[in-house]
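Structure at a glance
Listed below, chain by chain, are the residues.
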Amino acid sequence: MIILIILLVIFLIIAIKSIKIVKQSEVYIIERLGKFHKIADAGLTFIIPFIDHIRSVVSLKQQTMDIPPQGVITKDNVTITIDTVVFYRITDPARAVYEIQSLKKGIEYLAITTIRDIVGKIDLDQTFSSRDAINDELRSILDEATDQWGCKIDRVEIQDITPPADIRDAMEKQMNAERTKRALILQAEGERQSAITLAEGKKAASILEAEADREAKIRRATGEAEAIKMVADAKSKEIKMVYDAIMKANPDDKLVQLKSLEALKEVANGDANKVFIPFEATSALSSIGAIKEIISNKQDDK
């Protein structure tokens, strides 16, 4: 009975040692008698107790590695501190276990030396403005170097670049000076644009004013011309009516001369300073004295 119990316990121990459950996104590296035997994928797997041995459990998930901040000297001899993070995943678990003693240490050391090499070829200003280019170049170099270790570098990101305190102060002063310069340029540009706009407005107003004045003068002259024309037409009609009446009356020379004198009186009462007397009117003027004399003699005879 005791022997059966002992055998049952041994069987249970062997069964427990033989049956292994591999989790999702993981693989087991199994060695047999100290030599690589197989890679056990996710699920149920069996091994031979005391002969097979699980060398390593390898995760196939994408993993991150934070590279410790490193002091790096730029091309213009400025020491800066760079903090980097690497995203990687294992594509060949066996090579990741057997080709290098510590994959994480290998990636870390390789990243440090590569960062120093890349940043040492560029100036300080370029390290701030060319982060994407540095990230791409660093990822490409690391991916090529770690391919033999069964590792794929998906991404490399520079988290922070810290220059020395005196360099930071100088950069802040430079940035403030640039901001002040841009503000002054924008202010001057605004003032110039405002002056141009005001000048164009004044010019347009002057043009409109001149055009309005010219239009007013034209309208005034047109109105005066129309008024003169209307007066002239009225006078012409009056003269024609008088002429027609005189012609119907069949006047003699004395009456014509008298009417001429009346017309001359009307002309003299006008606004003109000078009066031009027609030659024909002089004969009428010369006969005025005679007419006056005749009228006076008739009055004396009475």
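You'll find the structure just up there.
The paragraphs below set out a description of the structure included in this document. Because the structure is a prediction, the values reported are computed rather than measured.

**A look at the packing of helix 3 (residues 103-119) against helix 5 (residues 131-146)**
- Running from N to C, helix 3 and helix 5 point in directions that differ by 140 degrees, and their axes come no closer than 10 Å. What the angle tells us is that helix 3 and helix 5 run oblique. Handedness of the crossing formed by helix 3 with helix 5: right-handed. Between helix 3 and helix 5, the contacting residues are Ile107, Leu110, Ala111, Thr114, Ile115 and Ile118 on the first element and Ile134, Glu137, Leu138, Ile141, Leu142, Ala145 and Thr146 on the second.
- Counted by class, the contact of helix 3 with helix 5 contains ten nonpolar, two polar and one charged residues.

**Side note on the sheet that holds strand 8 (residues 151-162)**
- Spatially, the three strands line up as an open sheet ordered 6-7-8, and their pairing is antiparallel. A single partner strand is all that each edge strand has here, and the edge strands are strand 6 (63-73) and strand 8. When the angles between neighbouring strand axes are averaged without regard to direction, this sheet yields 25 degrees.

**A closer look at helix 5**
- For helix 5, spanning 16 residues, the distance from its first C-alpha to its last is 22 Å, which sits close to the expected 22 Å at 1.5 Å a residue.
- Along helix 5, the positions that sit buried rather than exposed are Ile134, Asn135, Leu138, Leu142, Asp143 and Thr146. All buried residues of helix 5 lie within an arc of 155 degrees about the axis, which places them on one face of the element. Set apart from the buried face of helix 5 by more than 90 degrees, the exposed residues are Asp132, Asp136 and Glu144.
- Structurally, helix 5 contributes buried residues whose contacts are with strand 7 (79-90), helix 3, helix 4 (124-129) and strand 8.

**Things to note about the pairing of strand 6**
- Of the pairings in the sheet, the one linking strand 6 to strand 7 comprises nine bridges and is antiparallel in character. Paired with Ile67 across the bridge in strand 7 is Thr84.
- Hairpin remark: strand 6 followed by strand 7, antiparallel, with five residues in the connecting loop; positive phi at Asn77, about 60 degrees.

**Observations regarding the sheet that holds strand 2 (residues 26-32)**
- The strand order 3-2-5 describes an open sheet built from three strands, whose pairing is antiparallel. Looking at the sheet topology across the chains shown, the edges are occupied by strand 3 (35-40) and strand 5 (52-59). Sheet twist, expressed as the mean angle between neighbouring strand axes with direction ignored, is 25 degrees.

**Focus: the side chain of Asp52**
- By secondary structure assignment, the location of Asp52 is in strand 5.
- Since its relative accessible area comes to 8%, Asp52 is described here as buried.
- A distance of 2.5 Å separates the side chain of Asp52 from the side chain of Arg32, its partner in a polar contact.
- Discounting chain neighbours no more than four positions away, the residues touching Asp52 are Ile30, Glu31, Arg32 and Ile47.

**Concerning unusual backbone geometry**
- Positioned with a positive phi, Ser25 is a non-glycine residue whose angle comes to about 65 degrees.
- Looking at the secondary structure, you find Ser25 in the loop between strand 1 (19-22) and strand 2.
- Here Ser25 falls in the partly exposed class, since its relative accessible area comes to 27%.
- Even without glycine at this site, Phe50 takes up a positive phi of about 70 degrees.
- With respect to the helices, strands and loops of the structure, Phe50 is situated in the loop between strand 4 (43-46) and strand 5.
- The exposure class assigned to Phe50 is exposed, which follows from its relative accessible area of 72%.

**Some words on the pattern of salt bridges**
- Scanning all chains against the criterion turns up ten salt bridges.
- Between Arg89 and Asp154 there is a salt bridge, with its nearest N and O atoms 3.2 Å apart. Of this pair, Arg89 sits in strand 7 while Asp154 sits in strand 8, and the two are 65 residues apart along the sequence.
- Judged by its relative accessible area of 34%, Arg89 falls in the partly exposed class.
- When its relative accessible area of 26% is taken as the criterion, Asp154 is described as partly exposed.
- The salt bridge involving Glu157 is made with Arg155; its shortest N-O contact spans 2.6 Å.
- For Glu157, a relative accessible area of 24% translates into the label partly exposed.

Cut-offs applied
- Residues numbered from 1 in each chain as written.
- Predicted model: local features only at pLDDT ≥ 70, side-chain atom pairs only at ≥ 80, totals over all residues.
- Heavy atoms only, no water.
- Axes fitted to C-alpha atoms, helices over the stretch in contact; angles between N-to-C directions.
- Helix = DSSP H or I, 4+ residues; strand = E, 2+ residues; numbered from the N terminus.
- Parallel < 35°, antiparallel > 145°, perpendicular 65-115°, else oblique.
- Left-handed = near helix turned anticlockwise from the far one by under 90°.
- Contact = heavy atoms within 4.5 Å.
- Nonpolar A, V, L, I, M, F, W, Y, C, P; charged D, E, K, R; others polar.
- Pairing = 2+ DSSP bridges.
- Expected span 1.5 Å × (residues − 1).
- Buried < 20%, exposed > 50% of the residue type's maximum accessible area, 1.4 Å probe, protein only.
- Arc of directions from axis to C-beta.
- Polar contact = N/O pair within 3.5 Å; in protein donor to acceptor, adjacent residues only side chain to side chain.
- Salt bridge = Lys/Arg side-chain N within 4 Å of Asp/Glu carboxyl O.

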